[in-house]
Amino acid sequence: MNNDTDIQLSGPFSAKDSSGNAREISMIRIFDEGYGTIDVYVDMKHKMGDDPLPEDTVLIHNITVHLHSLGYVGPDLLVGDVALQDDKLIVLEAPEAFNVFAESRGWKDLSSEFDEDEDDIEAAAPAATAQLDALMRKFKST
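Now for a quick tour of the structure.

Cut-offs and rules
- Residues numbered from 1 in each chain as written.
- Predicted model: local features only at pLDDT ≥ 70, side-chain atom pairs only at ≥ 80, totals over all residues.
- Heavy atoms only, no water.
- Salt bridge = Lys/Arg side-chain N within 4 Å of Asp/Glu carboxyl O.
- Helix = DSSP H or I, 4+ residues; strand = E, 2+ residues; numbered from the N terminus.
- Buried < 20%, exposed > 50% of the residue type's maximum accessible area, 1.4 Å probe, protein only.
- Phe/Tyr/Trp six-rings, centres within 6.5 Å; stacked < 30°, edge-to-face > 60°.
- Lys, Arg positive; Asp, Glu negative; His and termini not counted.
- Polar contact = N/O pair within 3.5 Å; in protein donor to acceptor, adjacent residues only side chain to side chain.
- Contact = heavy atoms within 4.5 Å.
- Core = buried A, V, L, I, M, F, W, Y, C linked by side-chain atoms within 4.5 Å.

This part covers the pattern of salt bridges. All told, the structure shown has 5 salt bridges when counted by the stated rule. In this structure, Arg-23 and Asp-51 form a salt bridge, with 2.8 Å as the shortest nitrogen-oxygen distance. Separated by 28 residues along the polypeptide, Arg-23 in strand E3 (residues 22–31) and Asp-51 in the loop between strand E5 (39–44) and helix H1 (57–69) bring together distant segments of the chain. Its relative accessible area of 16% is what places Arg-23 among the buried residues. Judged by its relative accessible area of 34%, Asp-51 is partly exposed. Between Asp-87 and Lys-47 there is a salt bridge, and its shortest N-O distance comes to 3.9 Å. Residue Asp-87 is found in the loop between strand E6 (78–79) and strand E7 (89–93), and its partner Lys-47 is found in the loop between E5 and H1; the two are separated by 40 residues along the sequence. Here the residues in one salt-bridge network are Asp-6, Arg-29 and Asp-43, joined through shared partners.

Right, let's get into the packing of aromatic side chains. Following the criterion strictly, the structure yields 4 aromatic pairs and no others. Where Tyr-72 meets Phe-101, the ring centres are 6.0 Å apart and the plane angle is 55°; that geometry is what we call tilted. You can see Tyr-72 sitting in the loop between H1 and E6 and its partner Phe-101 sitting in helix H2 (residues 98–104), a full 29 residues away along the chain. Judged by its relative accessible area of 4%, Phe-101 is buried. Between Phe-98 and Phe-101 the ring centres are 5.4 Å apart and the planes differ by 70°, which places this aromatic pair in the edge-to-face class. With Phe-98 and Phe-101 both in helix H2 and 3 residues apart, this pair spans about one turn of that helix.

What follows concerns the side chain of Asp-109. Relative to the helices and strands, Asp-109 resides in strand E8 (residues 108–109). As a buried residue without a salt bridge, Asp-109 has its nearest oppositely charged side chain in Lys-108, at a separation of 9.6 Å. A polar side-chain atom of Asp-109 sits 2.6 Å from a polar atom in the side chain of Ser-111. Sequence-distant contacts of Asp-109, that is, excluding residues within four places in its chain, are made with Gly-34, Tyr-35, Gly-36, Asn-99 and Glu-103.

This part is about the environment of Thr-64. Looking at where Thr-64 falls in the secondary structure, it is placed in helix H1. The class of Thr-64 is buried, set by a relative accessible area of 0%. Considering only alpha carbons, one finds Thr-64 and Pro-75, 11 residues apart in sequence, at a separation of 7.9 Å. Apart from residues lying up to four places away in sequence, Thr-64 is in contact with Tyr-72, Pro-75, Asp-76 and Leu-77.

With that settled, the discussion passes to the nonpolar core. Within the largest apolar cluster, 26 residues are counted, with the highest numbers of intra-cluster contacts made by Val-40 and Phe-98. Those elements that place two or more of their residues in this core are strand E1 (6–10), strand E2 (13–16), E3, E5, H1, E7 and H2. The element best represented in this core is H1, accounting for 4 residues. Those residues in contact with Phe-98 that lie beyond four places of it in its chain are Leu-9, Ile-30, Ile-38, Val-40, Leu-67, Tyr-72 and Leu-77.

As C-alpha cells, this is what we get:
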C-alpha cells in the first residue's frame, strides 16, 4: 500500500467463497483519485493459487456485504479487468453508486473538474450572445 495515493477502506476480515471456504482478506483499498469508474483492490492474506477467486460471485458479494457494513449503499461490485488480477490481489470494478461512498472516504473524482469547466462555458454563453447581438446591431446601424 502506498500511503500517498491509497485510501484504505477496510482492514482485515474474512469472507466466504462459493465453496464455503473462509478467505482471509488483509485490506480493501482504492486510489485517492480517478476518472469515473473506481477499481477496488482487495488484498488477500494468502496466495490464491489456481482458485478463480477474482471471478467468484459469492466472494464478491460477501466483500460487498462487508463494504455495506462500512457505509457503502449500492449494488455488488463487479469482476474487474483480468489483466489486473495478481496472486494475492483481486481487483473489482465499482458501480457508479460506489462513488458517493468513495468520496466520503476522501476519493476525488477528477472528471468533475471537466464538468465545472462545461458549467463555466454554459454560464458565459448568455453574456457572450448578448455581446454578439449588440455588436451585430451596431454594424447594421452604420
